[in-house]
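# Inside the fold
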Amino acid sequence: QVQLVESGGGLVQAGGSLRLACAASGRIFSINAMAWYRQAPGKQRELVASIAGSGSTVYTDSVKGRFTISRDNAKNTMYLQMNSLKAEDTAVYYCHVSVQHCSVCNSYNYWGQGSQVTVSS
């Protein structure tokens, strides 16, 4: 009922920047929390950053000061600006959103397809 399309991944040298985007479409009344997760080879998926409907943000310690999460509610789109990238940031990045389909509906969670981010050292 909701489709998430991610874009912006790729290959970048250490110290470089990338910007990920996650666009939601479909049966959406409102989007509550939005978040970026990542999963590196052989590791568990981890939360990178999240942004509430109020705009408040949370970051994992390893990306604080380097990554910025934002959202455009009019476009149902979330972004992750990644600066000063390091080799250890290499992972598949997934967007995650919590969506209400109507004003009295429960929230449902959706995942994006994943975007590969590779940082060469």
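Residues numbered from 1 in each chain as written. Predicted model: local features only at pLDDT ≥ 70, side-chain atom pairs only at ≥ 80, totals over all residues. Heavy atoms only, no water.

### Looking at the packing of aromatic side chains
- Scanning the entire structure with this criterion turns up two aromatic pairs.
- With centroids separated by 6.4 Å and ring planes inclined at 85 degrees, the aromatic side chains of Tyr 94 and Trp 111 adopt a geometry described as edge-to-face. Placement of the pair is Tyr 94 in strand β9 (residues 91-100) and Trp 111 in strand β10 (residues 107-111), with a sequence separation of 17 residues.
- Look at Tyr 94 and you get buried, because its relative accessible area is 15%.
- We classify Trp 111 as partly exposed; its relative accessible area is 40%. (Phe/Tyr/Trp six-rings, centres within 6.5 Å; stacked < 30°, edge-to-face > 60°. Helix = DSSP H or I, 4+ residues; strand = E, 2+ residues; numbered from the N terminus. Buried < 20%, exposed > 50% of the residue type's maximum accessible area, 1.4 Å probe, protein only.)

### Focus: the environment of Glu 88
- Structurally, Glu 88 can be placed in the loop between β8 (77-82) and β9.
- Taking C-alpha positions, Glu 88 is 33 Å from Ala 74, a pair spaced 14 residues apart along the chain.

### Observations concerning the pattern of salt bridges
- Evaluation of the coordinates by the stated rule reveals four salt bridges.
- With its nearest N and O atoms 3.0 Å apart, the salt bridge here joins Arg 38 to Asp 89. One end of the pair, Arg 38, is in strand β4 (residues 30-39); the other, Asp 89, is in the loop between β8 and β9, and 51 residues separate them in sequence. Here Arg 38 and Asp 89 have matching classes, each one buried.
- Asp 61 is the partner of Lys 64 in a salt bridge, and the nearest nitrogen-oxygen pair spans 2.9 Å.
- For Asp 61, a relative accessible area of 62% corresponds to the exposed category. (Salt bridge = Lys/Arg side-chain N within 4 Å of Asp/Glu carboxyl O.)

### Notes on the environment of Gly 16
- Among the secondary structure elements, Gly 16 is positioned in the loop between β2 (10-13) and β3 (18-26).
- Taking the C-alpha atoms as reference, Gly 16 lies 5.5 Å from Ser 84; in sequence the two are 68 residues apart.
- In contact with Gly 16, not counting residues within four places along its chain, are Met 82, Asn 83, Ser 84 and Leu 85. (Contact = heavy atoms within 4.5 Å.)

### Side note on the state of the cysteines
- Under the definition given, this model contains two disulfides.
- Each sulfur of the disulfide joining Cys 22 and Cys 95 lies 2.2 Å from the other. Torsion about the S-S bond of the Cys 22 and Cys 95 cystine: about 55 degrees, corresponding to right-handed handedness. Within this pair, whereas Cys 22 is found in strand β3, its partner Cys 95 is found in strand β9, the two being separated by 73 residues in sequence. When sorted by exposure, Cys 22 lands in the same class as Cys 95, which is buried. (Disulfide = S-S within 2.5 Å.)

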